Amino acid sequence: YVTYISLFFFSWDETHFGKMGSYYINRTFFFDVHPPLGKMLIGLAGYLSGYNGTFPFQKPGDRYEHHNYIGMRGFCAFLGSCLVPFAYLIVLELSKSLSAALLAASILIFDTGCITLSQYILLDPILMFFLMGAVLSMVKYNSCADRPFSAPWWFWLSLTGVNLAGAIGVKFVGLFVVLLVGLNTVYDLWELLGDLSLSLVTLGKHLLARVFCLILLPLALYTAQFAVHFAVLNKSGPGDGFFSSAFQSRLIGNNLHNVSIPEHLAYGSVITMKNLRMAGGYLHSHWHLYPEGVGARQQQVTAYLHKDLNNLWVIKKHDSNTDHLDPSCSVEFVRHGDVIRLEHKETSRNLHSHQHEAPMTRKHFQVTGYGINGTGDANDFWRIEVVGRKAGKRIKVLRSQIRLTHLATGCILGSSGKTLPKWGWEQVEVTCTPYVKETPNALWNVEDHINPKLPNISLDVLKPSFPEILLESHMVMIRGNSGLKPKENEVTSKPWHWPINYQGLRFSGVNETDHRVYLLGNPVVWWLNLVTIGLYLLMATCTIVAIKRGVQLTVEFKELSEVLLHSGGKMMLGWLLHYLPFFMMGRVLYFHHYFPAMLFSSMLTGITWDTLLKFCAGCLSCSVGKRVYTYGTLALMLLIVYSFYLFHPLSYGMVGPMASDPNSPMAGLRWLESWEF
Amino acid sequence: MLGFLKQPVVVTAEINMNLVALTVMGLVNRFWALSYPRAVVFDEVYYGQFVSLYMKRIFFVDDSGPPFGHMLLAFGGRAPLNFNLGKYSMNVPIWSLRLLPALSGALCVPLAYQILVELHFSHCAAFGAALLILFENSLITQSRLMLLESVLIFFILLAILSYLKFYNLQKCSPFTAGWWFWLLLTGVACSCAVGVKYMGLFTYMLLLATAGVHFWHLIGDQTLSNLCCMTSGKLHHLSVSVFCHLLARGLTLVVVPVAMYLSFFYVHLTLLYRSGPHDQIMTSAFQASLEGGLARITQGQPLEVAYGSQITLRNVLGKPVPCWLHSHKNTYPIRYENGRGSSHQQQVTCYPFKDVNNWWIVKDPGMQQLVVSNPPRPVRHGHIVQLVHGITTRYLNTHDVAAPLSPHSQEISCYIDYNISMPAQNLWRVEIVNRESDTDVWKTILSEVRFVHVNTSAVLKLSGASLPEWGYRQLEIIGEKLSKGYHQSMLWNVEEHRYGKSQEQKEREVELHSPTQADISKNLSFMARFTELQWKILTLKNEDTEHKYSSSPLDWITMDTNIAYWFHPISGAQIHLIGNILTWASANVATLVYVCLFLWYLLRRRRKICDIPEDAWRLWVSAGGLCVGGWAVNYFPFFMMEKTLFLYHYLPALTFQILLIPVVLQHLTDHLCRSQLPKNMFSALIVAWFSSIYLVYRTFSPLTYGEPILSAAELRALRWKDSWDILIRKH
C-alpha cells in the first residue's frame, strides 16, 4: 500500500542511519546511542541490494546520484507497511469484530505520519515492526491459552520472545513493550495460580516456559546481536574515542591493536594517561600559558581527545631527578601508594596544582605545568593509587584504574568535561577536585607505555572478554543517551505537543522551490485518537462502576464490557507505557518518539468506537440498531479517507510556496499556526 | 427544675499515661540545650535569611519549596536579623527560632504511638514504635535546628493519623462531627505538608490512593443508595448515598488542600510586598507589582505603546541572565577569530544592566517623525514598525549574514550605510503572542511580543551565548530563521516606556537620560502572580550542584554517608546528621521480612491456603501498605531526580520504615511463635535489642547534641563505617 516515491534527496536522520548502514558494509567501528540491530538490518538490506557503502551521507538534501539506495528504503517501507496487517490482526483477535479491525487498519493506512516515517532509512519503522509483532504474537498466544503447550502456543510464545529481542535491539524504547508483555504475563500467571484445578507441577511448567521464551530467549538473541555487531565491525573507525583503551585494542587499525608494551609501570617510563569518563581525553600540556585573570599564569594542562606528542609524560620520583633510563640504574617499579612527580616530556614541566580556582569549574583547583627541567616545588607531588588494590602492588598498563591525589591539598586530578574557550584551543578542562568521589571523571588509565628497559609483552592477553565489552558498550550507550541534553534557549519538542499533533518535523526541503516532506500526523485521525482516549476512560469507568454496583447486564453487554475492559485495557496500557515515560526523560525529544504510542492509540480507537456503536445498536431496536452500526462505521471510515485526501501532500512531498503564504494550495490546511509546511 | 443539682458534677477524665510520658520524653529529648550552639548550623544560613526577609517584608524566591515552611519559621523571628555564616549575635531569638521544628519533632513521638494504635496494633507495639522514633539520632539532630524536615514529618504523620481515625469512624458513624473533623484534618495536614516541602506531595498521593481504594470498596457496598441525599430518616448512615461520600471526600481531600495551598501563596505575596534581591528573575509585570524597584520607575507610564514611543525591551526568558535589548557605537569586527566575516555594522546585544543605550524608539516606516502625535496612534498586533536606537539613531536591521556565535542564524545589527550594495532591511512586524484578539494594542509590560523581520521572516532572539571581548561579554542577539514554535527567548516585553516629545536629537538625548514620569499604576491579579511564582519555583535551577556532603539515594539506605553540620574550630565540638545505625539496619531487615512474608502469604492465599486468619491478614496488608508504601513513595522518586541530594531527604522515608519494625515484630510473635517458650525467648530478644538501640543512641548523642566534647580517640572510635566523615582535629 505504501507507494513510496524514489526521492533523489535524502533527508534528516537518514544522514545518521544511512551512514551507519555504510559503516557495517565497510566494517568500520562507530558509536551510536541505539543498540545495533536496526542499523545492522539496514546495512544488510543495503548489502543485498547492491549498495557498496561509499555514499558519504554528509548533509541532508544531498543527491544520491547513482548510488543504489532503493534496497535500504524499500526494506524500511516494507516493514512500515507490515504495521497495517499487524494492527488488523491484533484488533481482530482482541475484539472479534471485523469492523473494529478494519477501522484500526484504515487509521494506520491513512495516517500521513506513519507513511512519512516509513518511507525513509530510519530506525522507527523497524522498531514499530518488531513492537507490533511482539504485541500480535502476545495476543495470539493469549488466545491459545485453552490449549497450553500445543504447537501454536509454543510458536506464538517464542515468537513473542523473538520480537521482543528485535524491538529492544533496535532502540531502547523497545523496553516499554517488554514491560507491556511482562505485565500481561504476570497477569496471566496470576490467573493460572488462582485456578485450583491446575497442579503445582503444571504451574511450574507454565512458569518455566515463559521464563525460557520471554526472558532467556530474548536475552540470548540480544546478546547474539552484539556478538555479530562486534564481529562485523572489526576495523578502527570514528567511534574509537568513546571507548576505553582495552576496548580499542580489539580494533584493526587502532594503534592499540596488537601492540606490545611493558606491563608494569616503572620509574622513568614515558606514558600517556586517558581519562576514564566517556570520551575522556588524554592528559595533555603545551607551551601556552593560562591567560591573565584565569588562575596563576602558568602553563596550561588540558585533556585532549586526539593522540599527540604532547600527551606524553614521564614518571619520576618525587625527591630525586635521576635519569632512570640510565643503564646503570636498576629498574624500580611504581607501586600503589607511591608519591610521584609527572614531568611533561616536551616542556619538562611538572604536573602541578594549587589553591587557585580552576578556569571553568570554580569550586575546583587549577592544574598547571610548573617548574623548569623538573625542578619545581612541593605542589608537584602526587600520590598514585589504584582503585581496589592494596598498598605495595605494581601498577598495570591499561588495566589499572589510577587515581592521582595531590599531596599538599588532598584534591584529586580529574577532567570536568567542560570545553575551554579559545585560549585553551577548545580542549577539555582538567581540574583538581577537592570533593572525593568515585567517579570516572577522577580516574585515569595508562595507555601508551615506553620503557626500553622492560620487556614488551603482547597486549593480546589483556584483550577484554565478550561480557566486558558488552557491559562497556552499554555503559557508553546509556551515558550517551543521557548526554543528549537540550541546550538552553533552544526550542524542543515537548511530550504534551505530540498527541495534539501540535508541531511536526521537517524531513526535507526548506525553501519554496524544494521538494518538501513534513512529518505530521493526519490531524483528523490524531484528534480522533485523542478524543477516543477520553471517551474510553469515561466508558470504562462507567462500566466498572456499574458492575461493582451490581447492575445486571445481558449476555451481549457482558461480552461488550469484557472486550472494552480487557482488550481496550491492554491497548490503553500500551499507550500509557509508550507515552508517559517521556515526560520524565531529560534528553532531547522528537515528535517521532510518539509513533509507537500512536499505534496503540489507533487500535484503541478501533475497539472503542466499535464497542460504542454496538452498544448503541444494542439499546435500539434490531433493524434501526443495525443501520446505526453500519452507517456509523462507514462515516468514520469516510472521514479518515477524506482527511487523508486533504493531507496526503505532506508525506508524498509538496512543491511550491510555503503554507504560510495565502496563495499556496496548502494554506487552507494550516489549521494550527505551529505547522510549518 | 433544679434536679440536675441533685447529682454531683463528675468529670471523668481518661488519660493515657503512655502518651503523656512519650510526649514529655520527646520534649525533653528534643529541647535539651536547644539554643546550643549559638552558631549558624548548616542550612540555617538559608532559612535564617528567608526569615529575616520576612521580617523586612522583602520579596524573595526560594526554589527549594513553597512558602508555608518559611512562614512558619518566621513566626519565631522578631526583628530583622542578619544571617551570615558564623555566630549569632546576642539579640537573635535563637531559642524561639528553633522552637517550632523542635516542637514538631517532639510531637512525632506520640503521633507514631497513635498511628500504630489506630492501625489496631497492641499498645506495646505502639510504645515500641514511639521509642524508636524517640531514640533516632538523625531525627533529633534535624529537629533541633532551624530546618524544615521535622515540620514536614510532623504534618505527614498527622495526615496519616487523621486519615486512620477517619477510616475507623467510617465503619460505625459516618457523617458525624468526629468523622468530618478527621477527614478535614487529613486534607489540611496534607496541604501543610505539601506547603512545607514538595516532598509532602508523595505522601499526599499515597493517601489519595488509599482513599481511592477504600472508596472503591464502598462502591461495592450494596446497602448504600446511588444518588439520593442524606438526612432521610433516622437510619441516616444507611441511606447516605455513594455520591455524597464521593462529594465529601472530593471536597476535603482535593478542594480544601488546593485552596489552602493557594492561600499560602496569597499570604506570602501579601506579606512580601517590597522589592528585593530576587526581583530580577521575575517578569517586568511581576516586578512592577512590588513596592520599590521597578514599580518606582514604571508607575504611571503610558499603557499603550504608540508610534514615537521610547521604550526599553526586556527578554521574557531572561536566561542566562535577565537583559535588555541594547546597542552601542562599536561595530562588529570585520573578521572574527575563526575567519568568518561580518557586516561590520553597529553591534546589537542584550545587556543585563540598566543603561541609556537600552532605549529604542518605535517609528512608523511611513513617516519621518520620532515623536508621538496627538492623539497617540497606538501600535497593534501585526503592524509593521522600525526600531530606532535612541542614542545613535540607527535602525534595527538584519540581513543574510551569519551571526557571530550562531552561524546558522542571521546577524542583527544597527544599520550603517557603507554604500556597498547592502540595503537596509529594517522593517519588523509586531506580533503580540499573548493577545486576546487580532486587533490588540501593544501594551507596556503586559504584552509579550515577537519581532518578525519582514524581508526574511527571521525572529529576534536571545541566543544565550556571551560575545567575546569585542562585544564586552554582552549577550548575543540573533535572527532565528527557522522559527520552530514559540520559545520565550524570542519574546520581548516593554519595560520602561514614555511618549517621546523632542524632535531634535540633542533634546532627545537629554530626554532619554531623564527619569520617566509616573501617573498610573498597574496591578497583576493574584492568580497571575501565583502562576508566575509557582512556575519560577519549579523551573529555577541552581547552577553549582556539587556539594561536599551530597550523596546518592543508594548511600542512604545503609547510611554510608553522614553530614557534618557544625564544627567548633577551637573546642572541636561537632554536630552531625548521623542516624542510629542499629535502627536503620533493623528497619531494612523489617522491610525485607515484610515483603517476603507478604509475597508468601499472597501466593498461598491465591491457592486458597490461609496461614493466618482473615482479620490478621487485613491488618497485615493495611499496616504494611501504609508503612512500606510510605517508605517507597518517599524514597524511590529520588532516583529520578537530578538535583543535589542529601541524607536528610531520606528522613521521611525512614520514619515510615521505622513504623514498620514493631508491625513486623508483633506479627512474628503473634503468628509465627506457636508455643510459649519461643514466644518468651523472642520477647527477651526484643528487650535486649531495644536496650542496644538505646545504647547506640547514647553513644552517638555527643554528635547529635554537640556536647559533651569528645577527644580525638573517642571520635575515632565512633567512626564505625569508613565512609563516615567525622572531623578529627590535627594537633
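Residues numbered from 1 in each chain as written. Chains lettered and ligands numbered in written order. Predicted model: local features only at pLDDT ≥ 70, side-chain atom pairs only at ≥ 80, totals over all residues. Heavy atoms only, no water.

Caption draft 1: Fine view of the overall build of chain B. Looking only at helices and strands, chain B has 21 helices and 14 strands in total. In terms of overall dimensions, chain B has C-alpha extents of about 105 × 80 × 65 Å along its principal axes. Per-residue burial over chain B gives 54% buried out of 731 residues. Taken as a whole, chain B presents about 32,500 Å² of accessible surface, with 63% of it coming from carbon and sulfur. (Helix = DSSP H or I, 4+ residues; strand = E, 2+ residues; numbered from the N terminus. Buried < 20%, exposed > 50% of the residue type's maximum accessible area, 1.4 Å probe, protein only. Areas by Shrake-Rupley, 256 points an atom, 1.4 Å probe, with all protein chains shown as cover.)

Caption draft 2: Inspection of the overall build of chain A at higher detail. Of regular secondary structure, chain A possesses 16 helices and 16 strands. Scored against the burial criterion, the 677 residues of chain A give a buried share of 55%. Within chain A, counting contacts between residues at least 6 apart in sequence, those at least 24 apart form 75% of the total. Accessible surface, chain A as shown: approximately 28,300 Å² in total, 64% of it carbon and sulfur. (Contact = heavy atoms within 4.5 Å.)

Caption draft 3: Seen up close, the UniProt feature "domain: MIR" (unreviewed entry) in chain B. Residues and elements named next belong to chain B. Per the UniProt record, "domain: MIR" (unreviewed entry) is found at residues 302-365, 376-433 and 437-497. For the annotated span residues 302-365, helix accounts for 0% and strand for 41% of the residues, and the straight-line distance between the end C-alpha atoms is 22 Å. What you have in residues 376-433 is 0% helix and 40% strand, and the ends, taken at the C-alpha atoms, are 23 Å apart. (UniProt positions renumbered as here; feature names shortened; annotations may be inferred.)

Caption draft 4: Looking closely at the side chain of Arg549 of chain A. Along the polypeptide, Arg549 of chain A turns up in the loop between α12 (523-548) and α13 (555-579). A distance of 2.8 Å separates a polar side-chain atom of Arg549 of chain A from the backbone oxygen of Ile219 of chain B. (Polar contact = N/O pair within 3.5 Å; in protein donor to acceptor, adjacent residues only side chain to side chain.)

Caption draft 5: Geometry of the state of the cysteines. In this structure the tally under the stated criterion is two disulfides over all chains. The side chain of Cys411 of chain A participates in a disulfide bridge whose partner is Cys432 of chain A; the two sulfur atoms lie 2.0 Å from each other. As the torsion about the S-S bond is roughly 95°, the Cys411 of chain A-Cys432 of chain A disulfide counts as right-handed. With Cys411 of chain A in the loop between β10 (402-406) and β11 (412-419) and Cys432 of chain A in strand β12 (residues 428-433), the pair connects residues that are 21 residues apart, well separated along the chain. Exposure class is identical for Cys411 of chain A and Cys432 of chain A. Each is buried. Between the sulfur atoms of Cys323 of chain B and its disulfide mate Cys350 of chain B the distance is 2.1 Å. Given an S-S torsion of about 90°, the disulfide between Cys323 of chain B and Cys350 of chain B has right-handed geometry. You can see Cys323 of chain B sitting in the loop between β1 (309-315) and β2 (324-331) and its partner Cys350 of chain B sitting in strand β3 (residues 346-351), a full 27 residues away along the chain. For Cys323 of chain B, a relative accessible area of 0% gives the class buried. Given the relative accessible area of 0%, Cys350 of chain B is considered buried. In this structure Cys414 of chain B is a free cysteine whose sulfur lies 13 Å from that of Cys350 of chain B, the closest cysteine sulfur available. (Disulfide = S-S within 2.5 Å.)

Caption draft 6: How the structure looks around the UniProt feature "domain: MIR" (unreviewed entry) in chain A. According to UniProt, the feature "domain: MIR" (unreviewed entry) maps to residues 262-318, 331-387 and 392-449 of chain A in the numbering used here. Overall, residues 331-387 of chain A shows 0% helix and 44% strand. The separation of its end C-alpha atoms is 24 Å.

Caption draft 7: Just α12 of chain A, in detail. Residue and element names in this part refer to chain A. With 26 residues, α12 ought to run about 38 Å at 1.5 Å a step, and its terminal C-alpha atoms sit 37 Å apart, in line with that. When α12 is considered as a whole, its buried residues turn out to be Pro523, Val524, Val525, Trp526, Leu528, Asn529, Thr532, Ile533, Tyr536, Met539, Ala540 and Thr543. Those residues of α12 that are buried are in contact with α4 (98-109), α13, α14 (595-619) and α15 (622-647). Looking at the residues trailing α12, positive phi occurs at Gly550, about 80°. (Expected span 1.5 Å × (residues − 1).)

Caption draft 8: Structural view of the confidence of the model for chain B. Residue and element names in this part refer to chain B. For chain B, per-residue confidence averages 84 on the pLDDT scale, and residues scoring 70 or more make up 90% of the total. Per-residue pLDDT stays below 50 along residues 228-239; that stretch engages in 14 contacts with residues further than four places along the chain or on separate chains. Under a pLDDT of 50 for its full length, residues 517-521 has, in the predicted model, 16 contacts with residues more than four places off or in other chains. Complex prediction metrics read pTM 0.80 and ipTM 0.77. (pLDDT = per-residue confidence, 0-100.)

Caption draft 9: Inspection of α4 of chain A at higher detail. All names here are of chain A. Between its first and last C-alpha atoms α4 spans 16 Å; for twelve residues at 1.5 Å apiece the expected length is 16 Å, and the two agree. Most of α4 sits out of view: nine of its twelve residues are buried. Buried residues in α4 make contact with α3 (70-95), α5 (112-118), α6 (124-143), α12, α14 and α15.

Caption draft 10: The packing of aromatic side chains, seen in detail. Following the criterion strictly, the structure yields 76 aromatic pairs over all chains and no others. Ring pairs connect the aromatic residues Phe176, Trp498, Trp526, Trp575, Tyr579, Phe582, Phe583, Phe591, Tyr594 and Phe595 of chain A, which therefore count as one cluster. The cationic tip of Lys317 of chain A hangs over the ring face of Tyr267 of chain A; the distance from NZ or CZ to the ring centre is 5.3 Å. Looking at Arg529 of chain B, its charged tip hangs above the ring of Phe286 of chain B, at a distance of 5.1 Å from the centre. (Phe/Tyr/Trp six-rings, centres within 6.5 Å; stacked < 30°, edge-to-face > 60°. Lys NZ or Arg CZ within 6 Å of the ring centre and 35° of its normal.)

Caption draft 11: Highlighting the pairing of strand β8 (residues 428-432) of chain B. Residue and element names in this part refer to chain B. Most of β8 sits out of view: four of its five residues are buried. Of the strand pairs in this sheet, strand β5 (residues 384-389) and β8 are connected by two bridges, and their pairing is antiparallel. Paired with Ile384 across the two strands is Arg429, which belongs to β8. (Pairing = 2+ DSSP bridges.)

Caption draft 12: The pattern of salt bridges, seen in detail. All names here are of chain B. Using the criterion set out here, one finds 26 salt bridges over all chains in the structure. In this structure, Glu532 and Lys536 form a salt bridge, with 3.9 Å as the shortest nitrogen-oxygen distance. Of the two residues, Glu532 and Lys536 are both situated in helix α15 (residues 526-539); the distance of four residues between them amounts to about one turn of the helix. Of the charged contacts in the structure, one is a salt bridge between Lys721 and Asp560, with a shortest N-O distance of 3.0 Å. (Salt bridge = Lys/Arg side-chain N within 4 Å of Asp/Glu carboxyl O.)

Caption draft 13: Structural detail: the nonpolar core. Residue and element names in this part refer to chain B. The biggest cluster of nonpolar side chains holds 148 residues, and the ones touching the most others in it are Phe59, Phe155, Ile563 and Tyr565. It is helix α7 (residues 149-172) that contributes the most residues to this core, 14 residues altogether. In this structure, Ile563 is in contact with Phe42, Tyr549, Ile575, His576, Leu577, Phe646, Leu647 and Tyr648, ignoring residues within four places of it in sequence. (Core = buried A, V, L, I, M, F, W, Y, C linked by side-chain atoms within 4.5 Å.)

Caption draft 14: Focus on the UniProt feature "transmembrane region" (unreviewed entry) in chain B. Residue and element names in this part refer to chain B. The UniProt feature table records "transmembrane region" (unreviewed entry) at residues 95-113, 119-135, 147-167, 179-196, 581-603, 615-633, 645-665 and 677-697. Split by type, residues 95-113 is 100% helix and 0% strand. Its first and last C-alpha atoms lie 27 Å apart. Between the C-alpha atoms that bound residues 677-697 the distance is 31 Å, and the span itself is 100% helix and 0% strand.

Caption draft 15: Expanded view of a nonpolar patch on the surface. Where nonpolar side chains cluster on the molecular surface, the patch consists of Trp496, Leu580, Phe583 and Met584 of chain A together with Leu554, Phe636, Phe639 and Met640 of chain B and spans about 900 Å² of accessible area. Residue position: Met584 of chain A is located in the loop between α13 and α14. (Patch = residues over 30% accessible without salt bridge, like charges linked within 9 Å, V, L, I, M, F, W, Y side chains within 5 Å.)

Caption draft 16: Summary view of unusual backbone geometry. Residue and element names in this part refer to chain B. The omega torsion across Tyr36 and Pro37 is -5°, close enough to zero to call that bond cis. The topology assignment puts Pro37 in the loop between α1 (17-31) and α2 (44-56). For the bond from Glu707 to Pro708, the omega torsion is -5°, close enough to zero to count as cis. Within the element layout of this structure, Pro708 appears in the loop between α20 (676-705) and α21 (712-718). In this structure, Arg57 takes a positive phi of about 60° despite not being glycine.

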